[in-house]
Amino acid sequence: MESRDVIIIGGGLAGLTAALHLSKSGINVTVFEKNAYPKHKVCGEYISNEVVPYFNWLNINLNELHPAHITTLNFSTANGKTLKATLPLGGFGVSRYALDDYLYKKAVANGTKVIQQAVDAIAFADDTFTVTTADGSQFHSKLVLGAFGKRSSIDVTMKRTFIKQKSPWLAVKSHYKGTFPDDVVGLHNFKGGYCGVSKVEDGIINVCYLADYETFKNYKNIGDYQEEVLAANPNLKAIFSNATMVFDKPLTISQISFESKAAVENHILMIGDTAGLIHPLCGNGMAMAIHSAKLASELTLKYLNNQIPREALEKQYIKEWNHHFKNRLRMGRMLAPLLQKPKLATVMLRILTTFPMLLTAIINKTHGKPITLN
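This report concerns the structure included in the present document.

Criteria and cut-off values
- Residues numbered from 1 in each chain as written.
- Predicted model: local features only at pLDDT ≥ 70, side-chain atom pairs only at ≥ 80, totals over all residues.
- Heavy atoms only, no water.
- Helix = DSSP H or I, 4+ residues; strand = E, 2+ residues; numbered from the N terminus.
- Buried < 20%, exposed > 50% of the residue type's maximum accessible area, 1.4 Å probe, protein only.
- Areas by Shrake-Rupley, 256 points an atom, 1.4 Å probe, with all protein chains shown as cover.
- Pairing = 2+ DSSP bridges.
- Salt bridge = Lys/Arg side-chain N within 4 Å of Asp/Glu carboxyl O.
- Phe/Tyr/Trp six-rings, centres within 6.5 Å; stacked < 30°, edge-to-face > 60°.
- Lys NZ or Arg CZ within 6 Å of the ring centre and 35° of its normal.
- Core = buried A, V, L, I, M, F, W, Y, C linked by side-chain atoms within 4.5 Å.
- Contact = heavy atoms within 4.5 Å.
- Polar contact = N/O pair within 3.5 Å; in protein donor to acceptor, adjacent residues only side chain to side chain.
- Expected span 1.5 Å × (residues − 1).
- Axes fitted to C-alpha atoms, helices over the stretch in contact; angles between N-to-C directions.
- Parallel < 35°, antiparallel > 145°, perpendicular 65-115°, else oblique.
- Left-handed = near helix turned anticlockwise from the far one by under 90°.
- Nonpolar A, V, L, I, M, F, W, Y, C, P; charged D, E, K, R; others polar.

Focus: the overall build of the chain
Part 1 of the reasoning: Looking only at helices and strands, one finds 11 helices and 17 strands in the chain.
Part 2 of the reasoning: Across the 374 residues that make up the chain, the buried fraction comes to 55%.
Part 3 of the reasoning: Total accessible area on the chain is roughly 16,600 Å²; 52% of this is exposed by carbon and sulfur atoms.

What about the pairing of strand S13 (residues 205-212)?
Part 1 of the reasoning: With respect to burial, S13 is a largely interior element, eight of its eight residues being buried.
Part 2 of the reasoning: On S13, burial covers both faces: Ile 205, Val 207, Tyr 209 and Ala 211 on one face and Asn 206, Cys 208, Leu 210 and Asp 212 on the other are all buried.
Part 3 of the reasoning: One ladder, built from eight bridges, connects strand S10 (residues 169-178) with S13; its direction is antiparallel. Its bridge partner lying in S13, Val 172 is registered against Tyr 209.
Part 4 of the reasoning: Linking strand S12 (residues 193-199) to S13, which pair antiparallel, is a turn of five residues; within it Asp 202 sits at a positive phi near 60°.

Regarding the pattern of salt bridges
Part 1 of the reasoning: Tallying each qualifying case throughout the model produces 11 salt bridges.
Part 2 of the reasoning: With a shortest N-O distance of 2.8 Å, Asp 155 and Arg 160 are connected by a salt bridge.
Part 3 of the reasoning: A residue is classified by how much of its surface remains accessible, and Asp 155, at 0% relative accessible area, is buried.

Concerning the packing of aromatic side chains
Part 1 of the reasoning: Evaluation of the coordinates by the stated rule reveals 12 aromatic pairs.
Part 2 of the reasoning: Site record: aromatic cluster; members linked through ring pairs are Phe 190, Tyr 209, Phe 216, Tyr 219 and Tyr 225.
Part 3 of the reasoning: One Lys or Arg, Lys 24, reaches over the ring of Trp 57 and ends 4.8 Å from the middle of that ring.
Part 4 of the reasoning: One cation-aromatic arrangement involves Lys 261 over Phe 162; the distance from NZ or CZ to the ring centre is 4.3 Å.

Describing the nonpolar core
Soluble globular proteins tend to bury their nonpolar side chains together.
Part 1 of the reasoning: Counting 70 residues, the largest nonpolar core has Ile 9 and Tyr 317 as the members making the most contacts within it.
Part 2 of the reasoning: The greatest single-element share of this core, amounting to 12 residues, is contributed by helix H8 (residues 285-304).
Part 3 of the reasoning: Those residues within four positions of Ile 9 in sequence are excluded, and the remaining contacts are Phe 32, Val 119, Ile 122, Val 131, Val 144, Leu 145, Gly 146, Ala 147, Phe 148 and Ile 154.
Part 4 of the reasoning: In terms of nonpolar packing, the next biggest core, distinct from the first, is built from 21 residues, Phe 180, Ala 211, Leu 230 and Leu 236 among them.

Looking at the environment of Asn 35
Part 1 of the reasoning: As for its position among the elements, Asn 35 is in the loop between strand S2 (29-32) and strand S3 (46-48).
Part 2 of the reasoning: For the pair Asn 35 and Gln 117, spaced 82 residues apart in sequence, the C-alpha to C-alpha distance is 7.7 Å.

Quick look at the side chain of Arg 160
Part 1 of the reasoning: Within the secondary structure, Arg 160 sits in the loop between helix H4 (153-157) and S10.
Part 2 of the reasoning: At 3.2 Å, the side chain of Arg 160 forms a polar contact with the backbone oxygen of Ala 262.
Part 3 of the reasoning: Residue contacts for Arg 160: discarding those within four places in its chain leaves Phe 148, Asp 155, Lys 261, Ala 262, Glu 265, Met 270 and Thr 274.

Quick word on unusual backbone geometry
Part 1 of the reasoning: In this chain, Tyr 37 is followed by Pro 38 through a cis amide linkage whose omega measures -10°.
Part 2 of the reasoning: Of note in the backbone geometry, His 66 takes a positive phi value of approximately 55° without being a glycine.
Part 3 of the reasoning: Relative to the assigned elements, His 66 resides in the loop between helix H2 (52-57) and strand S4 (68-76).
Part 4 of the reasoning: We classify His 66 as exposed; its relative accessible area is 55%.
Part 5 of the reasoning: Phi at Asn 306 takes a positive value of approximately 60°, unusual for a residue other than glycine.

A word on helix H1 (residues 13-24)
Part 1 of the reasoning: Between its first and last C-alpha, H1 extends 16 Å over 12 residues, near the 16 Å set by a 1.5 Å rise per residue.
Part 2 of the reasoning: In terms of burial, H1 is a largely internal element, 11 of the 12 residues being buried.
Part 3 of the reasoning: Gly 26 occupies a position one or two residues after H1 and carries a positive phi of about 85°.

Section: H8
Part 1 of the reasoning: For H8, built from 20 residues, the straight-helix expectation of 28 Å at 1.5 Å per residue is met to within 8% by its first-to-last C-alpha distance of 28 Å.
Part 2 of the reasoning: Burial analysis of H8 places 18 of its 20 residues in the buried class, the great majority of the element.
Part 3 of the reasoning: Two residues or fewer past H8, Asn 306 is found with a positive phi of approximately 60°.

Observations concerning the pairing of S4
Part 1 of the reasoning: Counted residue by residue, S4 has seven buried out of nine residues, so it is predominantly covered.
Part 2 of the reasoning: With five bridges connecting them, S4 and strand S11 (residues 184-190) associate as parallel partners. Within S11, the position partnered with Thr 72 by the bridge is Val 184.

Overview of the packing of H1 against helix H3 (residues 96-109)
Any two packed helices are characterised by how steeply their axes cross, that is the angle between the axes, and by the distance between the axes.
Part 1 of the reasoning: Interaxial distance between H1 and H3 falls to 9 Å at its minimum, and their mutual angle equals 25°. Regarding the angle of H1 to H3, the classification is roughly parallel. In the packing of H1 onto H3, the handedness of the crossing is left-handed. For the pair H1 and H3, the contacting residues are Leu 13, Leu 16, Thr 17, Ala 19, Leu 20 and Ser 23 in the first and Arg 96, Leu 99, Asp 100, Leu 103, Tyr 104, Lys 106 and Ala 107 in the second.
Part 2 of the reasoning: Classifying every residue of the contact of H1 with H3 by side-chain character gives eight nonpolar, two polar and three charged.

Honestly, it's all geometry; don't read function into it.
Put into structure tokens, the structure is as follows:
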């Protein structure tokens, strides 16, 4: 039975960032990830530049991936009325296919052990975690970080509160070749949802949207839905009319929940989407995942160095999570129902056009400040 200092369940953006942070500091880390790298994931694939100082500290040079550098937001209502705004910090577009694989290789080079195996159970007793994998193997650790994503079988096993509530949201993502500005992230409403559009590496266009299942189920397939519903927004129609899909078929995820989640459960520190999912219209879930990994890693190091006990570790992490993310999540939950109502969205657009500083204020409320080291 193998023992490690820290086990991370899930090798996505948050899990790999935490693995990099901890392994850079000499910690014995094991990551469990059920899928092989590289892999595509349903994701907006836009990251705010707030992460750049932290990435520099981690020796992550994203220029090696040739990301798109993004400076402008194009927002439109379902009828196509558009408003442009400069992103205060700017950001970049890079696919999860390229980024996760890059972080995985960096983490392994740092000494992280990555096991391609699903986790069935996590138990905590006598101040020690026991992690059981799908093949029956067991591993011990002092700490476990939960990075198993938006919705997982582990959430069901743990009987987490949010998993009991049905969600109406379906997410769809695909890559395209076509014409789209390199420096723009588009956020376009349509009846029953929102669509994010931006470039990633190699000039590829990432299109990722959130659809209300009640609207979606009236159509035979994704193609019909996009043609009939999304393309009713002239901005989206122009994109789809001049683009060719790279994927064989779009990726989808159902039952996406934006309900509140606990940042710590059964003594597991939850990071990334496992701790809380920001609405896509706020466009900053990737930066939040990276930042949450930093917060958890810094406190983990304090605990392993006997600077704080477990109880203080958990309380401080919850406090830090709420300080940095609670208001951003609340803003997303508040904006979503407003923008789903076409008349209200049009009124909001008129107000924002008259007072453009209001849009900047909303962007600032859903984005963080540059992430610096404590």
